[in-house]
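A closer look at the structure
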Amino acid sequence: MRARFGWMSMGCILAGPLLLIGSLSLIVGRGSPVSSATESMPPGLNKIDHIIYIVKENHSFDNYFGRFPGADGATVGRTSTGAVIPLVEASDQVYPDVAHGAADAASATDGGRMDSFDKLPGAVSLGVNHSYTTMYPQDIPNYWAYARHFTLDDHFFSTIMGPTFPNHLTTIAAQNGGVIGNPQHSMNHWGCDAPAGTFVQTRAVTGQLGTTFPCFDFTTLADRLNAAHVGWRYYAPQAGQQGYIFSTFDAIRHIRNGPQWQTNVLPWTQFQTDVAHGNLAPVTWLVTDTAESEHPPASTCLGENTTVAEINAVMHSPFWKNTAIFVTWDDFGGFYDHVAPPVVNSYGLGPRVPTLVISPYARPGFVDHATYNFTSLLKLAELRFGLPALTALDAQATPLLGSFDFAGPPTAPFLLQPHSCPIIPSVRISGAAQGGVGEASSNVITLHDAPVITRIITSTTNLSVTVRTSLGLQTYAITPSMRVLGRGGRFLDRLALRRGDILLRQGTTVQDESADSVTMSGRVAQVEVGRQLLALHVTTTLSGSARLRISRPGFRSEVVFVLLTPQTRVMLPKGEKLAELDSRQMVSVTGTINWRTHTLLRPTLLSVGAEAITPPCDVLPAAGERTCADATPTPTP
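Residues numbered from 1 in each chain as written. Predicted model: local features only at pLDDT ≥ 70, side-chain atom pairs only at ≥ 80, totals over all residues. Heavy atoms only, no water.

Looking at the confidence of the model for the protein
Going by this rule: A residue's pLDDT is simply how confident the predictor is in it, with values from 0 to 100. We call two residues contacting when some pair of their heavy atoms lies within 4.5 Å.
Of all residues in the protein, 87% have pLDDT values of 70 or greater, and the mean over the chain is 88. Below a pLDDT of 50 lies the segment residues 1-30, which in the model reaches 72 contacts outside its immediate sequence neighbourhood of four places, other chains included. Per-residue pLDDT stays below 50 along residues 545-551; that stretch engages in 19 contacts with residues further than four places along the chain or on separate chains.

With respect to the pattern of salt bridges
Filter applied, for reference: The salt bridge definition used is simple: a Lys or Arg side-chain nitrogen within 4 Å of an Asp or Glu carboxyl oxygen. A helix here means a DSSP run of H or I that spans at least four residues, while a strand means a run of E at least two residues long, and both kinds are numbered starting from the N terminus. Accessibility here uses a 1.4 Å probe with only protein chains present; expressed as a share of the type maximum, an area under 20% marks a residue as buried, one over 50% as exposed, and anything in between as partly exposed.
Across all of its chains, the model carries 15 salt bridges by this definition. The salt bridge partner of glutamate 294 is lysine 56, with a shortest N-O separation of 3.5 Å. Of the two residues, glutamate 294 sits in the loop between β14 (283-286) and α10 (300-315) while lysine 56 sits in strand β1 (residues 50-56), which places them 238 residues apart along the sequence. Given the relative accessible area of 0%, glutamate 294 is considered buried.

A look at the sheet that holds strand β12 (residues 232-236)
To keep it simple, the criterion reads: By the convention used here, strands pair only if DSSP detects at least 2 bridges between them. Axis lines are fitted to C-alpha atoms, over the contacting stretch for helices. Their N-to-C directions set the angle, which ranges from 0 to 180 degrees.
The strand order β13-β12-β14-β1-β15-β16-β8-β17 describes an open sheet built from 8 strands, whose pairing is mixed. Edge positions in the sheet fall to β13 (265-267) and β17 (366-368), since each of these pairs with one other strand and no more. Averaged over all pairs of adjacent strands, the angle between their axes in this sheet comes to 20°, without regard to strand direction. Across 4 bridges, the pairing between strand β15 (residues 323-329) and strand β16 (residues 355-358) is antiparallel. Paired with valine 327 across the two strands is leucine 356, which belongs to β16. The strands touched by helix α4 (residues 141-149) are β1, β8 (151-153), β15 and β16; relative to β16, the strand with the most contacts, the crossing angle is about 60°.

Observations concerning the pairing of strand β26 (residues 509-512)
Every second residue of β26 is oriented toward a common face, with Thr509 and Gln511 on one face and Val510 and Asp512 on the other, all of them buried. Taken together, the 4 bridges between strand β24 (residues 483-486) and β26 define a ladder with parallel strand orientation. Residue pairing in the sheet places arginine 483 in a bridge with threonine 509 of β26. Of the pairings in the sheet, the one linking strand β25 (residues 503-506) to β26 comprises 4 bridges and is antiparallel in character. If you follow leucine 503 over to β26, its bridge partner there is aspartate 512. The antiparallel pairing of β25 with β26 creates a hairpin that spans 2 residues between the two strands, and glycine 507 there sits at a positive phi of about 65°.

Some words on the packing of aromatic side chains
Threshold: Aromatic rings from Phe, Tyr and Trp, with only the six-membered ring used for Trp, were paired whenever their centres fell within 6.5 Å, and each pair was classed as stacked if the ring planes differed by under 30 degrees, edge-to-face if by over 60, and tilted otherwise. Placement of a charge over a ring requires the Lys NZ or Arg CZ to be within 6 Å of the ring centre, with the centre-to-atom vector within 35 degrees of the ring normal.
Summed over all chains, the structure comprises 30 aromatic pairs. Judged by centre distance (6.0 Å) and plane angle (70°), the rings of phenylalanine 150 and tryptophan 320 are edge-to-face. Residue phenylalanine 150 is located in the loop between α4 and β8, and its partner tryptophan 320 is located in the loop between α10 and β15; the two are separated by 170 residues in the primary sequence. On the basis of an interplanar angle of 90° and a centroid distance of 5.1 Å, the ring pair of tyrosine 234 and phenylalanine 249 is categorised as edge-to-face. Remark: phenylalanine 249 occurs in the loop between β12 and α7 (253-256) and tyrosine 234 occurs in strand β12; sequence separation between them is 15 residues. Note on accessibility: tyrosine 234 and phenylalanine 249 belong to one class, buried. A network of ring pairs unites the aromatic residues Tyr53, Trp232, Tyr234, Phe249, Trp285, Phe326, Tyr361, Phe404 and Phe406 as a single cluster. The ring of tyrosine 136 is capped by arginine 67, whose NZ or CZ atom sits 4.3 Å from the centre of that ring. Positioned over the ring face of tyrosine 476 is arginine 505, at 4.2 Å from the centre of the ring.

Thoughts on the state of the cysteines
Cut-off, in case you're wondering: Throughout, a disulfide means two cysteine sulfur atoms within 2.5 Å of one another.
For the coordinates displayed, the defined rule picks out 2 disulfides. Linked covalently through their sulfurs, cysteine 192 and cysteine 215 form a disulfide whose S-S length is 1.9 Å. Between cysteine 192 and cysteine 215, the S-S torsion sits near 90°, and that sign places the bridge as right-handed. Taken together, the positions of cysteine 192 in the loop between α5 (164-173) and β10 (200-203) and cysteine 215 in the loop between β11 (209-212) and α6 (221-227) put the pair 23 residues apart, joining distant regions of the chain. Between the sulfur of cysteine 301 and that of cysteine 421 lies a disulfide, 1.9 Å long from S to S. Judged by the torsion about the S-S bond (-90°), the cysteine 301/cysteine 421 disulfide is left-handed. Linking cysteine 301 in helix α10 with cysteine 421 in the loop between α12 (392-396) and β19 (426-428), this pair joins segments that are 120 residues apart in sequence. Look at cysteine 421 and you get buried, because its relative accessible area is 16%.

What to know about α4
By the criterion of burial, α4 is predominantly enclosed, with 7 of the 9 residues buried. Taken together, the buried positions of α4 are Pro141, Asn142, Tyr143, Trp144, Ala145, Tyr146 and Ala147. For α4, the elements touching its buried residues are β1, α2 (61-65), β8, α10, β15 and β16.

Given below as structure tokens:
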């Protein structure tokens, strides 16, 4: 029976002694040894011969699918002040990165109250809340199309209350080895080849904190597959690429230092070529480089287009008829989610993450409300290939069978096209989880020799813009037919461009990296009605909590000047006038923030007296769609 899955590479002869080493490691590595007995295969699961895990980065369920019809989503969220605020439209490149370490996840979820995401480092910049945001259908149209056509799991939780590294460990081993953080001082090597001095924070089941070198020898799903003569491959970035930190088998000593490191751990860009040439292992993991990973500040659009290309490759191939693809995200990334994670042990579960089940046998147009986590993915493979569980976590996990309908007719390939992205600057992603910007380890957007506006001339129809780079001056016209975007990839009023701004150009699109379309909140500092000027006290959260050996996070109070126009729609409490506002009142305003000058230009809506407002249909979303805040427009695949 198993000969049909004998897609093996050299190295499986090591499986016997390695299983013993792994079992001993489980006793001290925060896993729980389990019986070697296997469970019988559920009916219909034998129709699946190939399982693919596509692991993306750092988004919560509500951040991607909070508005999805029929899902347990949210369009508002409660903050640490008790206010209920709308989840506004998310940016394509979220900047700064929001803190998402173990302490941050625990702080944000607040014992299940799910009300303190606004306190995370990086969550708020100049009164703009990056954590309480959600994607609209037009922002991730293909992920929504997959969810409408196949199955969306809306109670899928990260296994560990923490960041990337411990959760990636659970995707291969159903345990974290006691790890709760990302490796520090690693020179971009999160594993056995890390330089001396690299450490990762651990926490014992007793709660005692410690550190260890990020190299382990516990048993993984790959070892179980080796022992059963079932093939596997792990596609990941290679050493020298930023995304090498996502290559988790680097942290498993017997894989990293054994022959399968060369034969089974392969460049992520090779996946589509291998599939096209008829090579697909029974079990495959696929992670991308940082730019395509969707880890903020990487582009969601680019990441989604990359996922679509990978799934299309399978759908174009003969493998589609017996394949199950799971697209999941490794942790919440600091983004709001309203569902409290179940407590299964001292490490988790962590906040919900999106998960798509894409297969000829996935339930079509179905939202699965069952509770899952990353070990559920491993449990499904164990059931399919007759493998014993790795730890108590996967032994007890629910194996996603509710997302499948093996009795119904198989679904045909559902090929999608990439969608148009904003201009995407380069990013430097170190995997730091502390949030915020300004430190060498931060996850940042990188702009080299960026064009800076030196002159703007306005005419009746066009703007004439002159920019300066190291090559000199360049002048061009911005016509009404051109797309004008802000840093987050959302549409921008072209009259909000200012001298000194960084302005990128690509084809018929220009993008102001110094400005963005936002909704911000603050308290009134000063009002000058005659000058149409409103000064607001706003908050910026500072980094701190998730990084070792530095102080706790803090808040910085800053001032933003709102430049009102005759077109600004002002919503005041009954009987009040704009000139009578005082410092006790909260203001929410939608417009164009200039991050460089701390001014909010050309505001479309000013609401006074409440932190939570429901914008009218002609204001949100900022992407140019004229839809109501509670509407859910149907995307076009």
